[in-house]
Each structure stands twice: as C-alpha cells, then as structure tokens.
Amino acid sequence: MRRKLLLSLLVFQMAFCSLLIATAEAVTPTGLEMIARVTGVKPEGETMPNPNQTDVNYQITGTDLGIVWDKGDGQYFVLFGDTNGFGPNDWRSNTLAISSDTNLSDGLSFDTMIQDTPGHAKEILPSKKINFDEQTVIPTAGVTVGNRHYIHYMSVNHWGDAGVWYTNYSGIAYSDNNGATWTKHATARWYNNTTAWDNKFQMAAMVKDSGFVYMYTTPNGRFGDVYLARVPENSLLDINAYRYWDGNGWSTSQSSANAVANGVAGELSVAYNSHFKRYIMTYLNEHRQAIVMRDAPTPVGPWSGEKTLVPGGFTGLGQYNAFMHPLSNNSDTLYFIMSTWYPDYNTHLMKATLTADMFGDNIVTDPGFETQTQTPVMAPWHVVGEGGIDRDLGQARTGEDNGYVRNGTGWNAIKQRVVVQPFTNYTLKGWVRTSGNNNDGYFGARVPNDGIVLGEVPFDSYANYTELTVQFNSGANHFVELYAGMWANGETWVQVDDVSLVREANLVGHAGFESQPASTVSSPWYLNGNGGIDRNAGFAHTGLNNAFARYGTGWNAMKQEVFVERNTHYTLSAWIRTSANNNDGYFGARLINGGAVLNETPFGSLPGYTQHTVQFNSGNAHSVEIYAGMWANNGDTWIQADTFSLTKN
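All values reported here derive from a predicted model rather than from experimental measurement.

> Before we go on, may I ask you to explain the overall build of the protein in this structure?
Secondary structure summary: the protein contains 2 helices and 45 strands in total. Expected size for 649 residues packed as a compact globule is a radius of gyration near 26 Å; at 26 Å, the protein falls within 12% of this value. Dimensions of the protein, computed from C-alpha atoms along their principal axes, come out at roughly 80 × 70 × 45 Å. Taken across its 649 residues, the protein has 59% of its residues classed as buried. In the protein, the share of contacts with a sequence separation of at least 24, taken over all contacts with a separation of at least 6, comes to 63%. Just so you have it, the protein exposes about 23900 Å², and 49% of that area is on carbon and sulfur atoms.

> Is there a simple way to explain the pairing of strand E24 (residues 333-340) in this structure?
Both faces of the sheet carry side chains from a regular strand, because those side chains alternate between them. Where burial is concerned, most of E24 is hidden: 8 out of the 8 residues are buried. Neither face of E24 is left uncovered, since the one carrying Thr333, Tyr335, Ile337 and Ser339 and the one carrying Leu334, Phe336, Met338 and Thr340 both have all their residues buried. For strand E23 (residues 319-324) and E24, the ladder comprises 4 bridges, and the chain directions are antiparallel. Residue pairing in the sheet places Met324 in a bridge with Phe336 of E24. Between E24 and strand E25 (residues 346-356), which follow one another and run antiparallel, lie 5 residues.

> Can you walk me through the pattern of salt bridges in this structure?
Side chains carrying opposite charge are able to pair once their charged atoms draw close together. With the rule as written, the count across this model stands at 23 salt bridges. Residues Arg288 and Glu306 are paired through a salt bridge, measuring 2.9 Å at the closest nitrogen-oxygen approach. Of this pair, Arg288 sits in the loop between strand E20 (278-285) and strand E21 (290-296) while Glu306 sits in the loop between E21 and strand E22 (307-310); the two residues are 18 residues apart in sequence, bridging distant segments of the chain. Among the residues examined, Arg288 registers a relative accessible area of 3% and is labelled buried. By relative accessible area, which is 6% here, Glu306 ends up buried. In this structure, Arg550 and Asp636 form a salt bridge, with 2.6 Å as the shortest nitrogen-oxygen distance. You can see Arg550 sitting in strand E38 (residues 545-551) and its partner Asp636 sitting in the loop between strand E44 (623-631) and strand E45 (637-648), a full 86 residues away along the chain.

> Is there a simple way to explain the nonpolar core in this structure?
Soluble globular proteins tend to bury their nonpolar side chains together. Within the largest apolar cluster, 29 residues are counted, with the highest numbers of intra-cluster contacts made by Met558, Leu572, Phe587, Ile626, Ala628, Phe644 and Leu646. Put simply, the parts of the chain that give this core at least two residues each are E38, strand E39 (555-563), strand E40 (569-578), strand E41 (585-590), strand E43 (610-617), E44 and E45. Ranked by size, the runner-up nonpolar core spans 28 residues in total, among them Ile363, Val364, Ile389 and Ala445.

> Would you take a moment to explain the confidence of the model for the protein for this structure?
Detail in the predicted coordinates should be disregarded across regions flagged by low pLDDT. Here the protein shows a mean pLDDT of 93. Residues at 70 or above account for 95%. Predicted confidence for residues 1-24 stays below pLDDT 50, and this span has 59 contacts to residues more than four positions away or in other chains.

> Which parts of the structure should I look at to understand the sheet that holds E41?
Strands belonging to one sheet form pairs held by backbone hydrogen bonds; the direction of such a pair is parallel or antiparallel. Strand order across the open sheet formed by 5 strands is E36-E39-E44-E41-E42, with antiparallel pairing between neighbours. Of all strands in the sheet, those bounded by a partner on one side alone are strand E36 (525-528) and strand E42 (597-603). Along the sheet, successive strands turn relative to each other by an average axial angle of 20°, direction set aside. Two elements, E36 and E39, share 4 bridges in a ladder whose sense is antiparallel. Bridge pairing in E39 links Trp525 to Gln560.

> Looking at this structure, I do not really get the pairing of strand E2 (residues 65-72). What am I missing?
In terms of burial, E2 is largely enclosed, as 6 of its 8 residues are buried. Pairing geometry for E2 and strand E3 (residues 75-80), over 6 bridges, is antiparallel. Counted as the bridge partner of Trp69 is Phe77 from E3. Hairpin connection between E2 and E3: a loop of 2 residues separates the two successive antiparallel strands, and Asp73 in this loop has a positive phi of roughly 60°.

> Looking at this model, I keep getting lost on the environment of Tyr272. Mind explaining?
Along the polypeptide, Tyr272 turns up in strand E19 (residues 261-273). With 97 residues separating them in the primary sequence, Tyr272 and Ser175 have C-alpha atoms 25 Å apart. In this structure the side chain of Tyr272 is engaged in a polar contact, spanning 3.5 Å, whose partner is the side chain of Arg566.

> Just to check I follow, could you spell out the sheet that holds strand E6 (residues 95-99) for this structure?
If you trace the 4 strands from one edge of the open sheet to the other, you get E2-E3-E6-E7, paired in antiparallel fashion. With partners counted over all chains shown, the strands left at the sheet margins are E2 and strand E7 (112-113), one partner each. Strand direction decides the pairing type here: E6 and E7, joined by 2 bridges, are antiparallel. Pairing of Ala97 across the sheet is with Met113, part of E7.

> What exactly am I supposed to notice about the packing of aromatic side chains here?
The description of an aromatic ring pair rests on the distance of the ring centres and on the angle between the ring planes. Applying the stated criterion to the full structure yields 32 aromatic pairs. Centre to centre, the rings of Trp411 and Tyr442 are 6.4 Å apart; their planes meet at 50°, and the pair counts as tilted. Of this pair, Trp411 sits in strand E29 (residues 411-419) while Tyr442 sits in strand E31 (residues 441-446), and the two are 31 residues apart along the sequence. Here the aromatic residues Phe212, Tyr214, Trp245, Trp250 and Phe563 are joined through ring pairs into a cluster of three or more. Over the ring of Phe77 we find Lys71; its NZ or CZ atom is 5.2 Å from the centre of that ring. Of note, Arg230 hangs over the ring of Phe212, and the distance from its end group to the ring centre comes to 4.0 Å.

> How should the side chain of Glu286 be read in this particular structure?
Mapped onto the fold, Glu286 is located in the loop between E20 and E21. Polar contacts involving the side chain of Glu286 include one to the side chain of Gln289, which spans 2.8 Å. Ignoring sequence-local partners within four residues, the contact set of Glu286 consists of Gly163, Arg222, Phe223 and Val264.

> Help me understand the side chain of Glu123 in this model?
For Glu123, the location among the structural elements is in the loop between strand E9 (120-121) and strand E10 (136-145). Separated by 2.7 Å, the side chain of Glu123 and the backbone nitrogen of Ser93 make a polar contact. Engagement of the side chain of Glu123 in a polar contact is seen with the side chain of Lys129, the distance being 2.6 Å.

> What is the right way to look at the environment of Ala641 in this model?
Along the chain, Ala641 falls in strand E45. The exposure class assigned to Ala641 is buried, which follows from its relative accessible area of 0%. Residue contacts for Ala641: discarding those within four places in its chain leaves Phe513, Asn546, Ala547, Met558, Trp575, Ile576, Tyr609 and Ala628.

> Sorry if this is basic, but what is going on with the environment of Arg503 here?
With respect to the helices, strands and loops of the structure, Arg503 is situated in strand E35 (residues 492-503). Distance from Arg503 to Asp361, taken between C-alpha atoms, is 8.6 Å for residues 142 residues apart in sequence. Only 2.8 Å separates the side chain of Arg503 from the side chain of Gln421, close enough to count as a polar contact. Only 2.5 Å separates the side chain of Arg503 from the backbone oxygen of Asn506, close enough to count as a polar contact.

Cut-offs applied
Residues numbered from 1 in each chain as written. Predicted model: local features only at pLDDT ≥ 70, side-chain atom pairs only at ≥ 80, totals over all residues. Heavy atoms only, no water. Helix = DSSP H or I, 4+ residues; strand = E, 2+ residues; numbered from the N terminus. Rg over C-alpha atoms; globule rule 2.2 N^0.38 Å. Buried < 20%, exposed > 50% of the residue type's maximum accessible area, 1.4 Å probe, protein only. Contact = heavy atoms within 4.5 Å. Areas by Shrake-Rupley, 256 points an atom, 1.4 Å probe, with all protein chains shown as cover. Pairing = 2+ DSSP bridges. Salt bridge = Lys/Arg side-chain N within 4 Å of Asp/Glu carboxyl O. Core = buried A, V, L, I, M, F, W, Y, C linked by side-chain atoms within 4.5 Å. pLDDT = per-residue confidence, 0-100. Axes fitted to C-alpha atoms, helices over the stretch in contact; angles between N-to-C directions. Polar contact = N/O pair within 3.5 Å; in protein donor to acceptor, adjacent residues only side chain to side chain. Phe/Tyr/Trp six-rings, centres within 6.5 Å; stacked < 30°, edge-to-face > 60°. Lys NZ or Arg CZ within 6 Å of the ring centre and 35° of its normal.

So, in structure tokens, the structure goes:
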C-alpha cells in the first residue's frame, strides 16, 4: 500500500542505508486480492466462488470474524461471531466450522459446521442476550493443545458507539469432544472494571510457541493498546499460571502489564511466519479505517510500525479484522479472513503477498508519510499548531509525500506516539528542511503529554533536506512521543520526511544494573540461590551498580530471559570478578526452564573484573536464559558481574 515508486525505492535504499537497521526478514504486504466468499448469500452478479453456501447448508445469512486455528489431524477450526439466520429469532452469538481444505487459491471450503439440528449451525457458547447484562458472547481466539481445544471469548455487556463496546469479563472455554460441546471455565477469567471498563485482557489472539501459549490482548472495543501474557500450554485454565509482560520481563500481576504495541487496535490476529522468521500481527486501526500489519523478530517485539494491509474503503464501507490462516505460516503468501459490513455483513477470504521490507525494524508508523491520503494529518501522526501533509507536490525527500508545519506564531510540530522498552537506548533519525527564517527548530523524543524531553537536537535554517540524529534512553517510560517542530519566527515552515526509530543492538535489559531500583534483584533479572544488587557500593565495573551472587553452598547465579531470533548466531559478554576461593563459575546461555546449555565458559578466581565472551546459536528457541553464576566452594564464595551485552552476529 506504500506509494513509493520503484525508482524512488532503489535510490532511497542506497542513499538511506545509514538511517535504518534493515533485516532481510522484515516484511510488508503487497498485492491485495479478495479470493472468495466464506459465508453468506452470493448476491446477483458476484463472480467470486462461494464454496460453503452457508445460507443453504447451515442457515447462516450473515456473520463475522472467521478465527482460524490448527485443530490437528489435518483439520482447522473456523470460528465466527454474531450469526444471523432466517428471521429475527435465529440470532446465534457464535458458530464453528471445520475445514480440511489446504488449497486456498480458489477459496476456503468447510467439511461441516457444528450443528444443533441437521442443516442448522449451532451456537456453541450461549449468552443471555440481555442488553446491559450479557448482550452476547463473542469468541476472539482459539488454540488446540493435545486433544483439548480452547476458545478465548468475551462476555459483552452492551454495545456502544461505532468501535466501542463494554465487556463483563473475558474467559476461556474448552472442548474435549472435537468441538461438539464447550464448557466455559468458571475461574479462567479476566474480569473487567465495570466503572472504567479498562481491563487490558478482554480481547485476544493466541500463539502456541515453545511450550507456552502467548496471549496478545486489548481492552474491550477497538481503541486500546496491545498487551501480552503467556502461560504454559498445559495450564491454560489456571488463571494463576499466567504471567504478564511488564516491558522488561514477566510479572504475576495483571496491573503490571505494559503495552508491546500502541493502538488503536481491534480484532487482533498474531502468528509466527517461519519463512521470514517474523511474528506477524494484524488488526483494525479504527482511526485510519484500515486493517494494518506489524511484524517483529520476537514475541515481545520490537514491533514495527504499522503497514497497511487493507486500505480504508477497500470494500466501500466497513471492513474489519484479518484472521490469518495457519497455511500462511511458512510462506510469502498471506491468506486471511476479513469481515465486511458492505456489501453485506459476512466474511471473505483475502490474499496478500509478503515481501522484504526496506524499513526493517523501524518502530515508526508511516515513516515517509506515504499512506496519508484522507485527512490533513492522519493517525498516527498528529499536529500541534498548524501543519499537514504535502501530497505529491514535489516536496518529499523520497516517494511522493512529506509532513510539514507552517505558521506565523507559536510552537508547531508534527508528532507520533510509539511503544519503547524501558531503560533502553534508541536512535531517532529524520530528514528536515526549513524556510530561510527558521531559527528555533527541534527534533527529538519526549515523554507523552508534554513530559520531559529525553533527547533532542536543535536546528535552524536548512535549504535542503538534512539528516538529524538523536540518541536517547527511554528511562522508566513505556511510551515516547517523537516530534519535529519549530517556534515560528513570522511565516515559518519545516518539512520532515523518512523518520526512523530503532533500539540499540544490545538485547539485555538493565544490562549495567543502573536501573535496578533496590538492593534486591527485580525484573528483568532473577536469581538462583542468593544474591542481589550492589548499589553505589564502589564495586561496579562501570556506573554505580553491579549484581552479585554470594553464598556458602550450592548454585548461585544472576539470570535473565532474553528474546532472540530463531536459528541465529549471537555473542554474549559480561565483566566478572570473584572471591579468591571461587573455582567453579560459569557464564553462558541456555534454554529456559533448565533447558540445554547452548554455550558457556567456566571461570575460576578473578581478582579484577575480566570480560568473558561466549558465542552460540539460538536454534529453534525464541528466548534464551543468560547467566553468570558459581557453585559455592563450601565456604563464603561470591561473584560480581556487570555490563552485560547480547548482540546478533
């Protein structure tokens, strides 16, 4: 959907290579097609295939969603939301199909649907159908573990304005008889706050991965950020087994959860694409009226900026959701089910091609302003003061469009909010040119809502586009606001294009322990045995703090789970010193939960800080545990460690 001309792409890729950290695996969608109708009545004149004829075969004239997952034995579940039949009394809150179709090029065919009477699709999860009590029960995700099938659903209290609804709770239902009947588990639930309606875990997408189920969530409605929880795959019904991503590590507390991607996001779908070694996320952005895609190298990110999968108005009015089919997960062809309001309330099979993305792991959405087509400034960009988009005016650095601000007085800026990892270094870059009288411009990053400036660079008059670079640390923040603007000096203008934000190469959180808030170890670090943080005790290799492990017996170590790309080579290093009696220390990386050692190096007595380095391949793991520890030498034994680094080779 990006309107970059091929020549501009090639020129930009060569000239802009210093700006972005591109990876071959990053992807962007192209070549959108509508393949076939999945549900509903084929209208007169429609030429697309309609293999399921759900009106005739299952008394379904209208429905939405179409959540697809692998149920095993060569079959897939396809799960729908509110379903209409013939007449006002045939409203079902949800219905479920089974498909073994592996050739999606001509449509998605059902083997059957779960039925309550022959030829009538069954409502599998009942609801009260009482407004302001329980209006309906809508499924949002599904996953199969072994022979048990699970559905994540939301209990809708009532519908609000467009894109807004209110939920009582979300929960997990399960089936042990191939989907014929389902049980809503009594305690596997996330209850909403029925005053603020702001619980973060009301709608979900589920990914089964390496012994866990990762659950990406949003609050009720389509205007929230994206959060993440995970649970061992055999503990899906144990609410106490879930852990919530806090921005650096995993917490037992729902309230500690922080966003992995900023919304507005509705009807999530997430999958791992082994062809590109990328996690793919799709959802509706209501502000942009577009279905968008993000991608990331690991389950926790960093998630790229949004890329348009289905532009607003593609069907004329009201398309939403892009539930990916698992057959896409090892391919450059992305098949997904999309819902529409127009031409009718139903679902369609869509297809797009994923191609390598020159913007790599850039966190900024619409960095070249090429999707700004409908309003003076369209989300996620926003303007303070006066400004907008120069569309195809020959003013852009690359492509056709650029952003601008222009005014005679006051502060005028174009800005965007993005998710960051706390206490992490970032590099922000962008290209700026100005009117001749500009003498008070600023490009940088700050805490949202006019918070403190984290880093910025001033600029004055630039007759030609000039690259600006700002490096900053995110501090304790989970969001930052990027901006380019000026204090007007009479009629003054600034143009900006090709903005990027990338995180540092070091993947270790709190790598120097400077951000550890107390003498006890806290997320993302954790301990085996006994240890803590030396805070401003004069023992650090650099800065003020370091970690230590100290005890008289057993294994004692500082550890961290770090998310990595699969089948990738990494270099791990840290600085270590020890007590004189240490003779059994180890530094390395292993699989989590006591898994196999990927590589380690032993160390004995180190009277001064000494750097240790190991190299390893991540294999099929998306996270590893790094550690520095020692077997205590039957007496008081200690190690101190500082300045960790884990980088991709």
